[in-house]
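Coordinates in review
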Amino acid sequence: MTLAVRVPEELAARVPAEQRGQGLDRDAVRLLVSRGTEVSHHTFADLPALLRAGDLLIVNTSATLPAAVDGTVGHARVVVHFSTRGDDGRWAVELRDPDGRGTTRARAGGPANSVVRLPGDVRLVYEEPLAAGSERLWWARVSADVPSLLGQHGRPVRYSYTDRDQPLSVYQTVFALPAADGSGSAEMPSAARPFTACLVASLVSRGVQFAPVALHTGVASPEAHEPPYPERFEVPQTSARLINAARAGGGRVIAVGTTAVRAVESATGPDGVVRAAAGRTELVVTPERGVRVVDGLLTGLHEPQASHLLMLEAIAGRAAVDRGYTEAVRRLYLWHEFGDVHLLLPEEFAHAESCEGNCW
């Protein structure tokens, strides 16, 4: 799916919301709501008024890793983005060139057996491409414990549309939980970034439930709009029961982020029942496959060529996605991980609720 809209460069969110003005918090972003072909405009703080008792939010608890590490190939400086840990101890990595502005540009990985030298006399050796026909991500062996390496020498992955480096805390959501084995996401599960502890409390007091899942995201190069590759996930038994109970009680199941959709749909059978599951998922949600349990999606704004848009279409329909993105550009919404947020609800709910809160 490719959208027929152009996103002007000035609509990139260059700094987090809380750094755009005195007294602002993470929830100081705008919220676009698409219900079928109807669109309304809100602030993120309006979210409790847009949901109702019995609704359930699926949230990704994966913590963001400081996944970017400086290295050298021969005499050339490079940056390694550590993407995904394999079951055999290897890591899928992306090699990038410094661009002189504190960020990076694309660079092909490999060839096999080539060596990248990392801090602390650590060696990274390329073995094979992650996927046939792609040179961006490669499986590599690392001569040290990678979580320890990242903890000592890593920093958050940063792309050229941002203004400056940020501390790792800026890239952690309120739901992030450190994993005992050092697992986490190479890039922040950013749909949940605008949530604050106060807003979560407000949602709970309204009767909205939360079901935690985990999906550890890899790097998504801004120059390539590839479909998702296998990623580690877990849907706990307690969360599976919460989701099934919400559906049985008539509540809406709304995923916070495309990662949460991928995790829970990977644990849902053809009968629509969610069961505890963990491992690697290769699921790609498309309109043809559809969704089995998710009714709505709270997500950031994606590039018009992004593969994630197929998932949005599967949940809410093509008309809702087209209309929403046209309105987002027209109303100057901000893109990327520090940007504004889009709540998509399927057409059958289009007239279920009136516009509450501060509708613009």
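Residues numbered from 1 in each chain as written. Predicted model: local features only at pLDDT ≥ 70, side-chain atom pairs only at ≥ 80, totals over all residues. Heavy atoms only, no water.

As for the side chain of R30
Mapped onto the fold, R30 is located in strand β1 (residues 30-35). We note that R30 is buried and unpaired, the nearest opposite charge coming from D340 at a distance of 4.8 Å. From its side chain, R30 meets the backbone oxygen of L332 in a polar contact 3.4 Å long. (Helix = DSSP H or I, 4+ residues; strand = E, 2+ residues; numbered from the N terminus. Buried < 20%, exposed > 50% of the residue type's maximum accessible area, 1.4 Å probe, protein only. Lys, Arg positive; Asp, Glu negative; His and termini not counted. Salt bridge = Lys/Arg side-chain N within 4 Å of Asp/Glu carboxyl O. Polar contact = N/O pair within 3.5 Å; in protein donor to acceptor, adjacent residues only side chain to side chain.)

A look at helix α7 (residues 318-330)
Structurally, the α-helix is built with 3.6 residues per turn, so residues lying three or four positions apart point the same way. Given a rise of 1.5 Å per residue, 13 residues ought to cover 18 Å, and the 18 Å separating the end C-alpha atoms of α7 matches this to within 8%. Residues A320, V321, G324, Y325, E327, A328 and V329 constitute the buried set of α7. Elements that come into contact with the buried residues of α7 comprise β1, β2 (38-43), β15 (296-300), α6 (308-316) and β16 (341-345). One or two positions beyond α7, positive phi appears at L332, with a value near 60°. (Expected span 1.5 Å × (residues − 1). Contact = heavy atoms within 4.5 Å.)

Considerations on the nonpolar core
Core analysis: the largest hydrophobic core is formed by 43 residues, its most contacted members being I58, V235, I243, V261, V274, Y325 and W335. Listed in part, the 30 residues of the second largest apolar core include A68, W138, A140 and Y229. (Core = buried A, V, L, I, M, F, W, Y, C linked by side-chain atoms within 4.5 Å.)

Some thoughts on the packing of aromatic side chains
By the definition in use, this model includes eight aromatic pairs. Residues Y171 and F338 carry aromatic rings whose centres are separated by 5.5 Å and whose planes lie at 50° to one another, so their mutual orientation is tilted. With Y171 in the loop between α2 (146-153) and α3 (197-205) and F338 in the loop between α7 and β16, this residue pair connects regions lying 167 residues apart in the sequence. Look at Y171 and you get buried, because its relative accessible area is 4%. With a centroid separation of 5.8 Å and 40° between ring planes, the pair formed by F175 and F210 is classed as tilted. Of this pair, F175 sits in the loop between α2 and α3 while F210 sits in strand β11 (residues 209-215), and the two are 35 residues apart along the sequence. Each member of the pair F175 and F210 is classed as buried. (Phe/Tyr/Trp six-rings, centres within 6.5 Å; stacked < 30°, edge-to-face > 60°.)

Notes on the pattern of salt bridges
Taken as a whole, this structure holds 21 salt bridges when the rule is applied. Among the ionic pairs, D70 bridges to R155, the shortest N-O distance being 2.8 Å. Here R155 lies in the loop between α2 and α3 and D70 lies in strand β4 (residues 68-73), a separation of 85 residues in the sequence. The exposure class of D70 is partly exposed, given its relative accessible area of 35%. In this structure, D87 engages R280 in a salt bridge whose closest nitrogen and oxygen atoms are separated by 3.4 Å. Note that D87 is positioned in the loop between β5 (76-85) and β6 (91-98) and R280 in strand β14 (residues 277-281), a separation of 193 residues in sequence. Overall, the relative accessible area of 70% leaves D87 in the exposed class. Of the residues examined, R280 reaches a relative accessible area of 29% and is grouped as partly exposed. Three or more residues joined by partner-sharing salt bridges are found here, namely D88, R90, E127, E128 and R141.

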